[in-house]
Amino acid sequence: MDKVKALVLAGGKSSRMGRDKALLYYRGQRLIDVMVDLLESLVGDGSRVLVSGNVAGYLCVPDEHPEQGPLEGLRCALQEIENGEVLLVTPVDMPLLTKTCLEELLRDACVMKDFIRFSDSELPCVFAVSAKLREVLCGVSSLQKSQRSFRHLFLQLEGESRTCSDPKALWNTNTPEEWEEVLNESKIGQ
């Protein structure tokens, strides 16, 4: 995994949640800590894990153009990554995400075209860092809000989708209700 780096997208306003999702506690840890620990278990030490946003204690990459969405976070993070490297991208708000799921994405990373993602979810995903990816992301701040999405990005790149062996691992928590549902599910799974 020498050429693999990881990015946690944690720079959003968390407006639907009503509080910073990165700082929510899950099983005794903040979500940001859960995600960084998970990514470090895959890519090695913390110097290979970037955080999009501003969370004390981590290698953070702030957005140059705030409030432009997750693609702006990805674009800014690419300034820290070389062409030819692989970038694993996760959101901060998937506490049920597992190492096994991420290994499924990374398995064919060395032979992928532009990206690999799960068919049921835009994130997490893996990108081949290249001039093509940088070019597509170059004008992200000038796009209409509806176009500043991973769905739109994937349409401009060549990649593949695969089925996740554990769909619950891809549960995303954007609202207090979704957060409660994940907390209840994690109690069942203990």
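Residues numbered from 1 in each chain as written. Predicted model: local features only at pLDDT ≥ 70, side-chain atom pairs only at ≥ 80, totals over all residues. Heavy atoms only, no water.

Undergrad: I tried to follow the overall build of the chain on my own but got confused; where do I start?
TA: Within the chain one finds six helices and nine strands. Relative to the globule expectation of 16 Å for 190 residues, the C-alpha radius of gyration of the chain, 16 Å, shows essentially globular dimensions. Oriented by its inertia axes, the alpha-carbon framework of the chain measures out at about 45 × 35 × 30 Å. Expressed as a percentage of its 190 residues, the buried residues of the chain come to 51%. For the chain, long-range pairs separated by at least 24 residues make up 70% of all intrachain contacts whose partners lie at least 6 apart in sequence. As displayed, the chain has an accessible area near 9,400 Å², and 47% of this comes from carbon and sulfur atoms. (Helix = DSSP H or I, 4+ residues; strand = E, 2+ residues; numbered from the N terminus. Rg over C-alpha atoms; globule rule 2.2 N^0.38 Å. Buried < 20%, exposed > 50% of the residue type's maximum accessible area, 1.4 Å probe, protein only. Contact = heavy atoms within 4.5 Å. Areas by Shrake-Rupley, 256 points an atom, 1.4 Å probe, with all protein chains shown as cover.)

Undergrad: Sorry if this is basic, but what is going on with the pattern of salt bridges here?
TA: A side chain of one charge can pair with a side chain of the opposite charge if their charged atoms are brought near each other. This structure, assessed with the given rule, holds twelve salt bridges. Ionic pairing is found between Lys5 and Glu85, a salt bridge with its closest N-O pair at 3.8 Å. Of this pair, Lys5 sits in strand β1 (residues 4-9) while Glu85 sits in the loop between α2 (70-77) and β6 (86-91), and the two are 80 residues apart along the sequence. In this pair, the class of Lys5 matches that of Glu85, namely buried. (Salt bridge = Lys/Arg side-chain N within 4 Å of Asp/Glu carboxyl O.)

Undergrad: Please explain unusual backbone geometry as it appears in this structure.
TA: With the exception of glycine, most residues fall at negative phi, and the peptide bonds are largely trans. The amide bond that connects Leu123 to the next residue, Pro124, takes the cis arrangement and shows omega of 0°. The residue Arg27 is not glycine, and still its phi comes out positive at about 50°. Here Arg27 lies in the loop between β2 (25-26) and β3 (29-30). According to the relative accessible area criterion, Arg27 is exposed, its value standing at 51%.

Undergrad: Would you explain the pairing of β6 in this entry?
TA: On a regular strand, each side chain points to the face opposite its neighbour's, so the side chains alternate between the two faces of the sheet. The buried fraction of β6 amounts to six of the six residues, a majority that puts the element mostly inside the structure. Neither face of β6 is exposed, since Val86, Leu88 and Thr90 on one face and Leu87, Val89 and Pro91 on the opposite face are all buried. The sheet contact formed by β1 and β6 spans six bridges and is parallel. Bridging across to β6, Val8 finds its partner in Thr90. Pairing of β6 with strand β8 (residues 121-128) involves four bridges; the strand directions are antiparallel. Each residue of the ladder has a partner; that of Leu88, found in β8, is Val126. (Pairing = 2+ DSSP bridges.)

Undergrad: What exactly am I supposed to notice about the environment of Asn54 here?
TA: The residue Asn54 is located in the loop between β4 (49-52) and β5 (60-61) in this model. For Asn54, a relative accessible area of 73% gives the class exposed. Put simply, Asn54 and Cys138 are 84 residues apart on the chain and 22 Å apart in space, counted from C-alpha to C-alpha.

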